[in-house]
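Chain by chain, the residues:
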Amino acid sequence: MKVLLISHTYMPKINQRKLDRLANLPNVQLRVIVPQRWDESNRFALRAEIPQGANYEYCPLPTWFAPHISRYLYRSLDLTMREFQPDIVHFEESARC
């Protein structure tokens, strides 16, 4: 089963342990999409930390309008989805009102 997981949560390595466990499940092929860069209200800039030796694909993509949680777009995401053809697409984003 092909799983496409999309979230800025997995940019830092400290948050990527869950991805290793998910990718180790039988018959799971995992691809993770994260922004290349996340600028948090001029306080700090976070860059995607590419995991070494991971058993899944980690794809930092350029974005428009980041860091607006509910209003940013991944450039080239449509090409990624066409090429990978996932069975499941899972988005993880934090809720903000």
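See the structure above.
As the structure is a computational prediction, the values presented were derived from the model and not from experiment. (Residues numbered from 1 in each chain as written. Predicted model: local features only at pLDDT ≥ 70, side-chain atom pairs only at ≥ 80, totals over all residues. Heavy atoms only, no water.)

*Asks:* Teacher, can you tell me more about the nonpolar core here?
*Replies:* Taken as a class, soluble globular proteins show a tendency for nonpolar side chains to be buried jointly. Among the nonpolar cores identified, the biggest contains 14 residues, and Leu 19, Leu 30, Val 32, Val 34, Tyr 56 and Tyr 58 are the most heavily contacted of them. Looking at this core, the elements that each hand over two or more residues are β1 (2–6), α1 (17–23) and β2 (29–35). Here this core takes three residues from β2, the largest share from any one element. Setting aside residues no more than four positions away along its own chain, Tyr 56 makes contact with Gln 16, Leu 19, Asp 20, Ala 23, Leu 30, Val 32 and Pro 51. Judged by nonpolar contacts, the second largest core, of seven residues, contains Leu 4, Ile 6, Ile 33 and Phe 84. (Core = buried A, V, L, I, M, F, W, Y, C linked by side-chain atoms within 4.5 Å. Buried < 20%, exposed > 50% of the residue type's maximum accessible area, 1.4 Å probe, protein only. Helix = DSSP H or I, 4+ residues; strand = E, 2+ residues; numbered from the N terminus. Contact = heavy atoms within 4.5 Å.)

*Asks:* Please explain the pattern of salt bridges as it appears in this structure.
*Replies:* A side chain of one charge can pair with a side chain of the opposite charge when the charged atoms of the two come close. Applying the stated criterion across every chain yields a total of three salt bridges. The residue Lys 18 makes a salt bridge to Glu 92 at a minimum N-O spacing of 2.7 Å. One end of the pair, Lys 18, is in helix α1; the other, Glu 92, is in the segment after β8 (88–91), and 74 residues separate them in sequence. For Lys 18, a relative accessible area of 43% gives the class partly exposed. Given the relative accessible area of 17%, Glu 92 is considered buried. The residue Arg 31 makes a salt bridge to Glu 83 at a minimum N-O spacing of 2.7 Å. Highlighted residues: Arg 31 in strand β2 and Glu 83 in helix α2 (residues 77–84), separated in sequence by 52 residues. Judged by its relative accessible area of 5%, Arg 31 falls in the buried class. (Salt bridge = Lys/Arg side-chain N within 4 Å of Asp/Glu carboxyl O.)

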